[in-house]
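Understanding the architecture of this molecule
Spelled out, the chains give:
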Amino acid sequence: MAKSQDSFMFTVGKLDAGMAILLGERAHLIEFPSLLLPPGATTGSIVNISVSRNIAEEKKRDSEFWDLQNNILTNYGVKTPEPPKLEVRNVTQTSVTLEWPKLELATAKLRSLDIYRNHQRLAAIPSPLTNTSTKLSGLAIDTEYRFHLVMRTTAGTFQSNILRVRTHTMTDTSGISVCFGNVQDPVLLENAKLALREMGAKWSDKIQIDTTHFVCTTPAATPSGAQATGSISSSPGVEYQKALQLSIPVVHPNWILACHTEKKMIPIHPYYLGASSSTPISSAPFSRPQSMSQRVTASSPPASSFVNQTQHIKPIEPTPEEEEEEPENGGLKVIGDRTDEESDQDDAERAGRTRKGTMSKNFRFPPTSAEAPPPPVPDLPPLQQQQPKHEQEQQSRQPDHESIDTEDASLSVVPNIITPSAVGDEELGETEEISLT
């Protein structure tokens, strides 16, 4: 068997579709891909396999590998994300506006950007790749706070500087940031800008994140703004509509002058655009505007007032001429067609007495007579004791053939029946018919 230093001889023992079993001289058994066997090799064929080192190819691959490592280091290992630098943009009595430069992420990817207040997570910054500012409201007056940002990326977590901020007092007006709209009086506009400059405040013609008030005298767009947008000058301006969407108060320029005069923050309610001008702007109290239902309720009198009016109706007083007249009808004073008793009765009914029954309202008792009262009627004699029951039954069983004279005689002897003729006319008073309808 020929043998060389760079060649080895093997016998093909088993041949499958993808792998062949090769047997060496010393019963060495190796697996060899059948695709690399010479064409026509089958079981029992003898093949020689030579092995040699390719030094040139090794150097080439080593060079390619290290070039790739250097590129990875240059692109991903030299530059790292930079921590954000937090700055103050504006401070008011109850809010703080913060800003920071655009985030430098290098080759990393941003995962989140959060704002912290007093080392407690407050909220996540929306659209952190494009948003570079935020406004925090609802703070306490004249209170110190600490803020910082935390940026999380695929290359790690990075924290910004800690910023210490103290909110303003009511006498500090430097935090006012005004956006001017359509102010029709140019002198008033210049006076307002001069007052803002002396207070240390600022203004602009566009709504910004730190804008605190929108100042105008009419919601209509300015002539330049209407020309730029191609809209009608009488229609509401773009900045005015944006202020309403962002809940920015729209006030009159006199509010700026009032703050400058008082050297402190003045309530804005009396200076809202469209507020009633009947109340002086400088002395108008701070109160919430009434709703439509409250105005209707305030304008209509309460139902109890009608009751009070009916309960306090005074009775009709007589004139001096009537007082001098001598009272008639048994001492009762007659006023018009009514007596004192009838007037008192009407007053009692007006005071809240309710009538019961179905008596007519026009019913009047007849006037009492001025004559002397009739004499008392004398007592009648006592009636005799009634007959026993068995005697009454016997009388009822008497025969019907008795004469009429006998019946008249029996009736005339009954002493306890009084006929109308038994009482004289002088013993009874006058009688009158009284209609109760």
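Below you will find a few notes about this structure. (Residues numbered from 1 in each chain as written. Predicted model: local features only at pLDDT ≥ 70, side-chain atom pairs only at ≥ 80, totals over all residues. Heavy atoms only, no water.)

**Focus on the overall build of the protein**
The secondary structure content of the protein amounts to 11 helices and 18 strands. Out of the 437 residues in the protein, the part that is buried amounts to 25%. Across the protein, every contact between residues at least 6 apart in sequence was considered, and the portion connecting residues at least 24 apart equals 61%. Here the protein displays about 32200 Å² of accessible surface, and carbon together with sulfur accounts for 53% of that area. (Helix = DSSP H or I, 4+ residues; strand = E, 2+ residues; numbered from the N terminus. Buried < 20%, exposed > 50% of the residue type's maximum accessible area, 1.4 Å probe, protein only. Contact = heavy atoms within 4.5 Å. Areas by Shrake-Rupley, 256 points an atom, 1.4 Å probe, with all protein chains shown as cover.)

**A short note on unusual backbone geometry**
Although it is not a glycine, A106 adopts a positive phi angle of roughly 55°. Counting through the fold element by element, A106 comes out in the loop between β6 (96–99) and β7 (110–117). Even without being a glycine, K263 presents a positive backbone phi close to 60°. Relative to the assigned elements, K263 resides in the loop between α5 (254–262) and α6 (292–299). Judged by its relative accessible area of 59%, K263 is exposed.

**Thoughts on the pattern of salt bridges**
If you walk through the whole model with that rule in mind, you get 11 salt bridges. With a closest N to O distance of 2.9 Å, R152 and D114 form a salt bridge. Note that R152 is positioned in strand β10 (residues 144–153) and D114 in strand β7, a separation of 38 residues in sequence. Its salt-bridge partner being K206, residue E239 comes within 4.0 Å of it at the nearest N-O pair. In this pair, E239 is assigned in helix α4 (residues 238–245) and K206 in the loop between β14 (202–204) and β15 (213–215), connecting sequence segments 33 residues apart. By sharing partners, the salt bridges in this structure join R89, E99, K202 and D210 into a single network. (Salt bridge = Lys/Arg side-chain N within 4 Å of Asp/Glu carboxyl O.)

**Considerations on the environment of R117**
Structurally, the position occupied by R117 is in strand β7. Through-space distance from the C-alpha of R117 to that of I162 is 9.6 Å; in sequence the pair is 45 residues apart. Once you skip the residues sitting within four places of it in the chain, R117 turns out to touch L122, L139, Y145, R146 and F147.

**What to know about the sheet that holds strand β13 (residues 177–180)**
One open sheet holds the 4 strands; their spatial order is β14-β13-β15-β16, and the pairing between them is parallel. Among the strands making up the open sheet, the edge pair consists of β14 and β16 (250–251). Here β13 runs beside β15; their pairing, made up of 3 bridges, is parallel. By the bridge assignment for β15, V178 is matched with H213. (Pairing = 2+ DSSP bridges.)

**So, the packing of helix α2 (residues 186–199) against α5**
For the pair α2 and α5, interaxial distance at closest approach is 9 Å and the crossing angle is 40°. With respect to α5, the axis of α2 lies oblique. The hand of the α2/α5 crossing is left-handed. In contact with L188, N191, A192, A195, L196, E198 and M199 of α2, α5 contributes N254, I256, L257, C259 and H260. Residues of the contact of α2 with α5, tallied by class, amount to 8 nonpolar, 3 polar and 1 charged. (Axes fitted to C-alpha atoms, helices over the stretch in contact; angles between N-to-C directions. Parallel < 35°, antiparallel > 145°, perpendicular 65-115°, else oblique. Left-handed = near helix turned anticlockwise from the far one by under 90°. Nonpolar A, V, L, I, M, F, W, Y, C, P; charged D, E, K, R; others polar.)

**Looking at the side chain of Q93**
Here Q93 is to be found in the loop between β5 (87–91) and β6. Q93 gets classed as buried once you look at its relative accessible area, which sits at 9%. Within the structure, the side chain of Q93 is placed 2.6 Å from the backbone oxygen of T169, a separation counted as a polar contact. For Q93, the side chain forms a polar contact with the main-chain oxygen of D172, separated by 2.7 Å. Those residues within four positions of Q93 in sequence are excluded, and the remaining contacts are L139, A140, I141, T167, H168, T169, M170, D172 and M265. (Polar contact = N/O pair within 3.5 Å; in protein donor to acceptor, adjacent residues only side chain to side chain.)

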